[in-house]
Amino acid sequence: MTLRRTTKKRRPPRTSPAGVDVVRVARNAITLVERSLALLDHPVSRGIPQAELNELKAAYPLPPSYESIASRAVFSGPSGEILPTQAIRSAIRALQEHGIDTERFFPFGQGDDKTLCFDTRIAGDRGELGVVAIVGNATEFVAASFGEWLDDMVVALESFVRASSDIPQSLRRLLVDLGFTFEHSLRAVLETQDADALLSLLARRFEQSGYLPHMTAKIVLHVATMRIECTVGERVFRLPTEDTFRWLRGFRDEDFFGSAGSRDSKTRMIVAKADRARDLRVIERISVRRSAAPKATPFAQQHTFISATANEDGLFFLARPTRAGAAILLRGTMSSVEEEIQLPGPARALATSQDGALWVLLEEDLVLRLHEGKRETISLPFPKPGAPWAGLATTTSHAFIWGAQGVLFTADDGIAPVELAPPLGTGEEIRDVAGARRRLTILRQGQDAAYIADFRSGRWKTSVAIELRDLVAFDGTHDDALVLSRSGHLLHITEKTAERVRWNRNAEEALDEGGFQRVLHSVLGFGQDIFFATDGGTLRLEPSGSVTYLRTGASDERASLHRAVLRGESMLLEVCGPFVGFWNGNFFEAIDASAF
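Owing to the predicted nature of the structure, the values given are computational and were not obtained by experimental measurement.

Conventions and cut-offs
- Residues numbered from 1 in each chain as written.
- Predicted model: local features only at pLDDT ≥ 70, side-chain atom pairs only at ≥ 80, totals over all residues.
- Heavy atoms only, no water.
- Helix = DSSP H or I, 4+ residues; strand = E, 2+ residues; numbered from the N terminus.
- Buried < 20%, exposed > 50% of the residue type's maximum accessible area, 1.4 Å probe, protein only.
- Contact = heavy atoms within 4.5 Å.
- Areas by Shrake-Rupley, 256 points an atom, 1.4 Å probe, with all protein chains shown as cover.
- Polar contact = N/O pair within 3.5 Å; in protein donor to acceptor, adjacent residues only side chain to side chain.
- Phe/Tyr/Trp six-rings, centres within 6.5 Å; stacked < 30°, edge-to-face > 60°.
- Core = buried A, V, L, I, M, F, W, Y, C linked by side-chain atoms within 4.5 Å.
- Pairing = 2+ DSSP bridges.
- Axes fitted to C-alpha atoms, helices over the stretch in contact; angles between N-to-C directions.
- Salt bridge = Lys/Arg side-chain N within 4 Å of Asp/Glu carboxyl O.
- pLDDT = per-residue confidence, 0-100.
- Parallel < 35°, antiparallel > 145°, perpendicular 65-115°, else oblique.
- Left-handed = near helix turned anticlockwise from the far one by under 90°.
- Nonpolar A, V, L, I, M, F, W, Y, C, P; charged D, E, K, R; others polar.

Concerning the overall build of the protein
Inference 1: Helix and strand content of the protein: 11 helices and 40 strands.
Inference 2: Within the protein, buried positions represent 49% of all 596 residues.
Inference 3: For the protein, contacts bridging at least 24 residues in sequence account for 48% of all contacts bridging at least 6.
Inference 4: On the protein, roughly 29,200 Å² of surface is accessible, and the fraction owed to carbon and sulfur atoms is 49%.

Details of the environment of Ser209
Inference 1: Within the element layout of this structure, Ser209 appears in helix α8 (residues 206-209).
Inference 2: In this structure the C-alpha to C-alpha distance between Ser209 and Cys230, which are 21 residues apart in sequence, comes to 9.7 Å.
Inference 3: If we skip the residues at most four places from it in the chain, Ser209 touches Leu202, Val232, Arg235 and Phe237.
Inference 4: At 2.5 Å, the side chain of Ser209 and the backbone oxygen of Phe206 are in polar contact.

Quick word on unusual backbone geometry
Inference 1: Residues other than glycine seldom take positive phi values, yet Met226 does so here, at roughly 55°.
Inference 2: Secondary-structure assignment places Met226 in the loop between β10 (217-222) and β11 (227-232).
Inference 3: Owing to a relative accessible area of 6%, Met226 belongs among the buried residues under this scheme.
Inference 4: The backbone phi angle of Glu372 is positive, close to 55°, even though this residue is not glycine.
Inference 5: In this structure, Glu372 sits in the loop between β19 (366-371) and β20 (374-379).

A word on the packing of aromatic side chains
Inference 1: Overall, the coordinates contain 17 aromatic pairs when judged by the stated rule.
Inference 2: Ring geometry for Phe118 and Phe146: centres 5.9 Å apart, planes at 65°, overall edge-to-face. Here the residue Phe118 occupies a position in strand β5 (residues 114-123), and Phe146 occupies one in helix α5 (residues 146-164), the gap between them amounting to 28 residues. Pair check on accessibility: Phe118 and Phe146 agree, each one buried.
Inference 3: Through pairs of rings, three or more aromatic residues link up here, namely Tyr60, Tyr66, Phe106, Phe108, Phe118, Phe146 and Trp149.

Overview of the nonpolar core
Inference 1: The biggest cluster of nonpolar side chains holds 71 residues, and the ones touching the most others in it are Tyr66, Phe146, Trp149, Leu150 and Trp247.
Inference 2: Dropping the residues within four chain positions of it, Leu150 is found in contact with Ala26, Ala29, Ile30, Val33, Phe75 and Ile82.
Inference 3: Ala308, Ala319, Ala564 and Phe582 belong to the second largest nonpolar core, which has 15 residues in total.

Observations regarding the sheet that holds strand β12 (residues 235-239)
Inference 1: Taken in spatial order, the 5 strands line up as β8-β9-β10-β11-β12 in an open sheet, and their pairing is antiparallel. The open sheet is flanked by β8 (181-184) and β12, the only strands paired with a single partner. Ignoring strand direction, the axes of neighbouring strands in this sheet form an average angle of 25°.
Inference 2: Contacting β9 (187-192), β10, β11 and β12, helix α7 (residues 195-202) runs over the sheet at an angle of about 125° to β11.

Comments concerning the pattern of salt bridges
Oppositely charged side chains can pair when the atoms bearing their charge come close.
Inference 1: Per the stated rule, a full pass over the model turns up 17 salt bridges.
Inference 2: Between Arg278 and Asp194 there is a salt bridge whose closest N-O contact spans 2.9 Å. With Arg278 in the loop between α10 (265-273) and α11 (298-302) and Asp194 in the loop between β9 and α7, this pair connects stretches of sequence that are 84 residues apart.
Inference 3: Of the residues examined, Arg278 reaches a relative accessible area of 27% and is grouped as partly exposed.
Inference 4: Ionic pairing is found between Glu429 and Arg431, a salt bridge with its closest N-O pair at 2.7 Å. The residues Glu429 and Arg431 share a single accessibility class, namely buried.
Inference 5: Where salt bridges share partners, they join Arg205, Asp243 and Arg246 into one cluster.

Describing the confidence of the model for the protein
Inference 1: Averaged over the protein, the pLDDT score is 77; the fraction of residues at 70 or greater is 79%.
Inference 2: Per-element mean pLDDT across the protein ranges from 47 in α10 up to 92 in strand β6 (residues 129-135).
Inference 3: The low-confidence segment residues 592-596 (pLDDT under 50) makes 14 contacts with residues lying over four places distant or belonging to another chain.

Topic: the sheet that holds strand β34 (residues 529-534)
Inference 1: With antiparallel pairing, 4 strands are arranged side by side in an open sheet as β33-β34-β35-β36. Here the strands that pair on one side only, and so sit at the sheet edges, are β33 (522-526) and β36 (547-551). The mean angle between the axes of side-by-side strands here comes to 25°, regardless of whether they run parallel or antiparallel.
Inference 2: In this sheet, strand β35 (residues 537-541) lies alongside β34 in antiparallel orientation, the contact comprising 5 bridges. Paired with Ile530 across the two strands is Leu541, which belongs to β35.

Examining the pairing of β12
Inference 1: Sheet topology places β11 next to β12; 5 bridges connect them, and they run antiparallel. By the bridge assignment for β12, Thr231 is matched with Val236.

Side note on the side chain of His562
Inference 1: Turning to its location among the elements, His562 is positioned in strand β37 (residues 559-566).
Inference 2: With a relative accessible area of 17%, His562 lands in the buried category.
Inference 3: Among residues more than four places away in sequence, those in contact with His562 are Ile306, Ser307, Ala308, Leu524, Met571, Leu572, Leu573 and Val575.

With respect to the packing of helix α1 (residues 22-39) against α5
Inference 1: Relative orientation of the contacting elements α1 and α5 amounts to 25°, with a least axis distance of 8 Å. Here α1 is positioned roughly parallel relative to α5, judged by the angle of their axes. In the crossing of α1 with α5, the sense of the turn from one axis to the other is left-handed. Facing Val22, Val25, Ala26, Ala29, Ile30, Leu32, Val33, Ser36 and Leu37 of α1, the residues of α5 in contact are Phe146, Gly147, Leu150, Asp151, Met153, Val154, Leu157, Glu158 and Val161.
Inference 2: Looking at side-chain class alone, the contact of α1 with α5 contains 14 nonpolar, 2 polar and 2 charged residues.

Okay, here's the thing in structure tokens:
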């Protein structure tokens, strides 16, 4: 028997069925493409500006279906991409180098190492053009119109989404144990107020997040790429895959992609002992208490304290309502409130200058000055995106407002920027500012070092460089400064030296109920002692090396420390959620807020 060899006939060009609106097909398809790419953590880029699109249209007969979506979005996904203007120009040059007729072929996309082009010789209804793929000098017919090609892209993407949703059961089990819910097979979502978990996740970014007690952070895990998107307030942090697995293995240290049956009994036992997974939606955790805890009063149950200070008129507490609303300023004594001052909106910080004026930083980019019965509101320039004005520092009669990207000061004629010399470079940002009398100290963080910049007599100078990352806070009110890292390392800074302060991080009262070192949020020097703000209270480090845990809050909320002078007496004030405490150098106690 003779075998007859048959040859595969080339598929003839297709045309879109009569009556089909190719423009509508393209618009519907790009919506589905955007949805699939969002699930795959492939963000869709902003489309080609109309002015650039008009330039391309003047040189090439672009089909209406392409025009309808190119001005809306371009993208790069696992199944192909639609090119932006610059990439189109590069593709045109590449085609010309291969001798391709660029008057006939217009490149608009890439896919499978092929250049996708419109072919002006394959014309359809209403100005539509056929789509061909070019590899080297060869061409291959792909689709009768752009809308048809985009519709095929949707099918390929949806198939890729289904294939990407398969994750190991051990990993899925951990995510469920942590409180993640799968709103889609490719997206796990968790809302949490667990400050410890957020600190572990964000690491050096935690201080930049502006996280405060009672704030809820949203964590979105993209299963396809294992990247995390963490939203805290108005700030969004995108974390790479390696940070995701570093964080997850902190709860359960195992090879999620290995075979469960491949582990021996010893390995399974080690993993079981190292399991620290907990439901991150639950924030109440039992901890070791070292002193009696105050009870939350009706006012405190409705408000959270932000900051505290004092002047000759008494103590002042800045508080925000637990629900959305304007902040409130309370003036009083240790046992009662004498005045409630309503503020025009939410607030971030409170400070007192040496002339007795109160300064309040509002979230609406405003600074409020209260002095001798007068109220003055000062508008701030809009901060740079992602770097809001974060805090206040005061000197004799001025306030300094700082954010990651700069420092402002209140002048007689309004607000003026502080000229840093040298100015902030690439990757540098302001981490903290402190003031005393006529002296101001600023902490600036670079990619490889941090600097204490000292403002004296109108001049800035770099006094010391610290080979240290992940700085938190410092006390710059004397001729020296204390700098704290998230790992608990403490440096004592002078103009000439930077010495590490040795102290017992494993002292009994420096450990939480699980035997782990307490998370340290900030540091403040008071007299001969050093105080660390931690969850639920304060650690006091004496010159002898003794460590004491001074408990304020009834739950593990983040504390903050503030120095104040009331009628000539210096004191350290601590606020922790709905609780307030003070230290006058001899003893620590909670303020009786029964009238609050």
